[in-house]
Amino acid sequence: MIQLDINGKRHNVDVPGETPLLWTLRDEMGFTGTKFGCGMALCGACTVHVDGQPVRSCLAPIASLANRKITTIEAIGSDRIGKALQAAWVDLGVPQCGYCQSGQIMSAAALLRRKPKPTDAEIDEAMSGNICRCGTYVRIRAAIKQATGQNGGAR
Amino acid sequence: MNAPVRAMNAPVTIANVSRRRFLQGASALGGLVLVVGTSSAVRAADPPKYGADGMPNGWVDDPLTFVSIAGDGTVTIVCHRAEMGQGVRTGMPMIVAEELEADWKRVRVRQATGDEKRYGNQDTDGSRSTRHFFDPMRQCGAAARTMLEAAAAARWKVPVSEVEAKNHEVVHRPTGRRLGYGALAKAAAALPVPARESLKLKDPSKFRYVGKGNLKLLDGPDMVSGKAQYGIDVRLPGMLYAVVARPPVYGGKVASYDAEAALKVPGVMRVVEIEGSPGPAEFNPLGGIAVVARNTWAATQGRNALKIQWDDGPNAAYDSVAFKATLEEAARKPGKVVRNDGNYDTAVAGAARRHQAEYYIPHLAHATMEPPAATVRIEAGKCEVWGCFQSPQAARDRVAKRLGMSSADVTVNVTLLGGGFGRKSKPDYAVEAAVVSKAVDGKPVKVTWTRDDDLHHDYFHTVSVERLEAGVDTAGRPLAWMHRSVAPTIFSTFVAGANHEAPLELGMGVINVPFAIPNVRIENPEATAHTRIGWFRSVSNIPHAFAVQSFVAELAAAAGRDQKEFLLDVIGPARQVSPQTLGDTWNHGESPELYPVDTGRLRRVVETAAQAAGWGRTLPKGRGLGIAAHYSFVSYVAAVVEVAVDDQGQVTIPRVDVAVDCGATVNPDRVRAQMQGACVMGVGVAMKEQISFKDGRAVQNNFDGYEVTRMAGAPREIRVHILPGDFSQPLGGVGEPGVPPIPPALCNAIFAATGKRIRRLPIRDQLKA
């Protein structure tokens, strides 16, 4: 039995410690907002925060996460930055299929916590681990800027 | 009536329709397998049907099917097409709400199950949803509005001419009395549905939502908060999780296997053999061994522990390097002539100069961010399916057939799709889940494809060599044009031995090129498929446009002409060209009269994109502009790409200007979004994407090998210019036509920047110093 702190609540899970957080969240606990995309930390769809840092949950074994603070997309809206990002995403119509956007927002939220007014280059660097196959990148960049109060520019 | 109500009297849902179209080689892709082998008697009897009439199960505009109104006034509108990022769950209901005079804030959307007899065609591909269902959805909303007005008039005992529906209530004009839709719903629903011909559609100038771009995406808030439900997210009580080991070579099968170690993996419960199907794959599973477990991770670990001997079958030697040479060899010899205008041989013999070039595009994978996933439960003689399906009726029929059940006993629930791009029109994964569920006594089973499954076992975009030859006059103008297109056909996945491009592939920018060139010969030599070929967003338009638009730019350069001016000259004066005179019997399934190839519209997108991009402006060293235009899915798109190539050969894209003429637009912001997304995908196709085969096996395993565009490689800016449209004219497609111009425009820009001509995609390190 491993104890996980997800979105401020403690949960006991009874799966082997090497099980990645992604599948524990999705299959064992029902937090399906965190998405599977590659299983190798190549696409960013599964990004969550662990103690405030962005982590690819598909490669994070739960044994390494006992009692660390895990935040998923389901709770990011209770954070000021997360809420601003969600609002900008909706306002600018960023999502197409929407599947990767949980991970995009989690990566963006981690960036803005570190860099409240990121430059284009900083946005590119922080976000290039997140793939969007629909190709919403120009709007993602604009939404990040809008959420920080900067001019979103052309979308 | 202000908008023409097209083909109103056509009976809905006739199987013969699609059969007829298939035998003309004109079937919509989704109808392929339903339609093989119809007798010639049927052919002779059926007049041609176009548009939604030509699709399996046609269209339905019954308001009682699509609209329901609750006592509190909440309007629920059914969306029968699949949402995969194109915004259809916002756009389709918006059309109904517009004619219904509903208040969008009080509209809810319900996703239809797969049931084409009830809803009309649901196969969401071919960029067809809006152009095929704009009229039926308008009629649906107008009929419901008419019924509400009639109910109010009856309640007030006044002539119906004195009442008017407006913003979710009906008003009695002389007295100002009002009744909300909720109060009228029950009485209205009991009234007869008005005759289609009697409906009064709104004047488009009175539209509040359609064309306005004032509504946010219906699913936006759920998509940014983790609440949106995709196929892979389905959870049912007692559900088991499965992954499948499939034959690594197309046409292979399990020779023997040992599951002992797999069954010892904690959490693994069962292994189930899935039988493949002999012959073309169609929508059948490839076969293999499923591992069933308590969660996806355990199932994957169990699969890793399987010991399987494969019988690789006839495609074990498939090798992309060798196959490229095979295609090139075919492209250098005469092949089946599919269009022949004037006399190419004579004209080319008398030409001042001759040019030739060959262009190559490898296999591509859809790589939807949500890999295929489906859940099936079988209980008391009924089967229920949940998943991300572009074609839920196909899923229903295929599952029913495999289980030996009637389709009526199979319910297919459609979730959101985490990307589709054509992959999810093929419901093989639903059939896998059905087989596994049946093997575990009908318990709910979710089959999830991992990324390597997705890249190894896709219905791949074909691989192609396009050879172009031209004879030009002394001014460099082409007098003779020869295009040999060589690519395994999609039909090979459905018909054993199919080895020529079908009319629908040739009609994607090979034969239906409307250039002002008097002598044209188009040939299609044979090509044999060695893997599962399918349709990928924009389909054959991608290689065809890449070759044609690159070659025109090469001819311009050889003539020392401006690329844009030369392209306009080759297109020639504004005129309407019948697809039939181009040898195109398909015309994207649309009527040749309603949808001729309009070179005026093609010219206009070229001019619009060029002007917006500042064509002709001076650029610093290492920068260049390139242009390309392409007609597909009955829409016209041109793109100007600006590239910067540094001295290491690194390409960045500061800006792209896209001009699109798709007729009038229902949701202009989604048109912009589709063009932006198509541009990014086109950049990926040009720069990075490639599936290659060795020893019959797809080589790329994940996003490290199958690279797609990431943020840093995406254009910094994508400006979309939508040409004004008119709702009295037929609508064009939007989801796909944005992709084809991008790779040639990008390569033409690279030529302008560096003088280096790219003829083989992906570009990767071809520009390295």
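For the structure, see preceding data.
About the cut-offs
- Positions within a chain are numbered from 1, following the residues in the order the chain's sequence is written.
- Whichever chain is written first becomes A and whichever ligand is written first becomes 1, with later ones labelled in order.
- Reporting of local features is limited, given that this is a predicted model, to residues whose pLDDT is at least 70; pairs of side-chain atoms are given and counted only at 80 or more, and all residues count toward the totals for whole chains, interfaces and linings.
- By convention in this description, side-chain values take in all heavy atoms of the structure and omit both hydrogens and water.
- To get an axis, fit a line to the C-alpha atoms, keeping to the stretch in contact for a helix; angles then go from 0 to 180 degrees between the N-to-C directions.
- Secondary structure follows DSSP: runs of H or I at least 4 residues long count as helices, runs of E at least 2 residues long count as strands, and numbering of each begins at the N terminus.
- Orientation categories follow fixed angle ranges, with anything under 35 degrees roughly parallel, anything over 145 roughly antiparallel, 65 to 115 roughly perpendicular, and all other angles oblique.
- A crossing counts as left-handed when the near helix is turned anticlockwise from the far one by less than a right angle, and as right-handed when that turn is clockwise.
- Residues are treated as being in contact if the distance between any of their heavy atoms lies within 4.5 Å.
- Polarity classes work like this: nonpolar for Ala, Val, Leu, Ile, Met, Phe, Trp, Tyr, Cys and Pro, charged for Asp, Glu, Lys and Arg, and polar for all others, with Gly in that last group.
- Any carboxyl oxygen of Asp or Glu that lies within 4 Å of a side-chain nitrogen of Lys or Arg is treated as forming a salt bridge with it.
- Throughout, exposure labels follow a simple rule: accessible area from a 1.4 Å probe, protein chains only, divided by the maximum for the residue type, with under 20% read as buried, over 50% as exposed, and the rest as partly exposed.
- By buried area we mean the combined loss of accessible area, with a 1.4 Å probe, across both parts when two parts are placed together.
- By the criterion applied in these results, polar contacts are pairs of N or O atoms within 3.5 Å in which, for protein atoms, one can donate a hydrogen and the other can accept it, and in which residues neighboring in sequence qualify only through two side-chain atoms.

**Q** It is not clear to me how the packing of helix α4 (residues 101-114) of chain A against helix α6 (residues 137-147) of chain A should be interpreted in this structure. Could you clarify?
**A** Helix-helix packing is characterised by the crossing angle of the two axes and by the distance between the axes. Residues and elements named next belong to chain A. Their axes nearest at 11 Å, the elements α4 and α6 cross at an angle of 40°. Between α4 and α6, the angle falls in the class oblique. Between α4 and α6 lies a crossing of right-handed hand. Touching Q101, Q104, A108 and L112 of α4 are I140, I144 and A147, all from α6. A breakdown of the residues in the contact of α4 with α6 according to their chemical character gives five nonpolar, two polar and no charged.

**Q** Mind showing me how you'd approach the pattern of salt bridges here?
**A** Oppositely charged side chains can pair when the atoms bearing their charge come close. Counted under the stated rule, the structure contains 66 salt bridges over all chains. Here A:D79 makes a salt bridge to A:R113, at a shortest N to O gap of 3.4 Å. A residue pair is termed long-range when its members are at least 10 positions apart, and A:D79 in the loop between α2 (73-76) and α3 (80-91) and A:R113 in helix α4 qualify at 34 residues. You can call A:D79 partly exposed: its relative accessible area is 23%. We classify A:R113 as partly exposed; its relative accessible area is 37%. Residue B:D319 pairs with B:K694 through a salt bridge whose shortest N-O separation is 3.7 Å. Of this pair, B:D319 sits in the loop between β11 (307-311) and α11 (320-331) while B:K694 is found in strand β26 (residues 693-694), placing the two residues 375 residues apart along the sequence. What makes B:K694 partly exposed here is its relative accessible area of 48%.

**Q** Honestly, the interface of chain A and chain B in this entry has me stumped. Any pointers?
**A** Frequently, the measure chosen for interface size is the accessible area removed from exposure when the parts meet. The interface is formed by 55 residues belonging to chain A together with 61 residues belonging to chain B. When chain A packs against chain B, the two sides together hide about 4,800 Å² of surface, and 55% of this comes from carbon and sulfur. Our enumeration of links across chain A and chain B arrives at eight salt bridges. One salt bridge in this structure joins B:R716 and A:D124, with 2.5 Å as the shortest N-O distance. Along the contact surface separating chain A from chain B lie 33 residue pairs in polar contact (both at pLDDT 80 or more). Counting only elements with at least two residues in the side of chain A that touches chain B, the list comes to α1 (21-29), α2, α3, α4, α5 (120-127) and α6 of chain A. Considering only residue class, the side of chain A that touches chain B consists of 26 nonpolar, 15 polar and 14 charged.

All we've got here are geometric facts, nothing functional implied.
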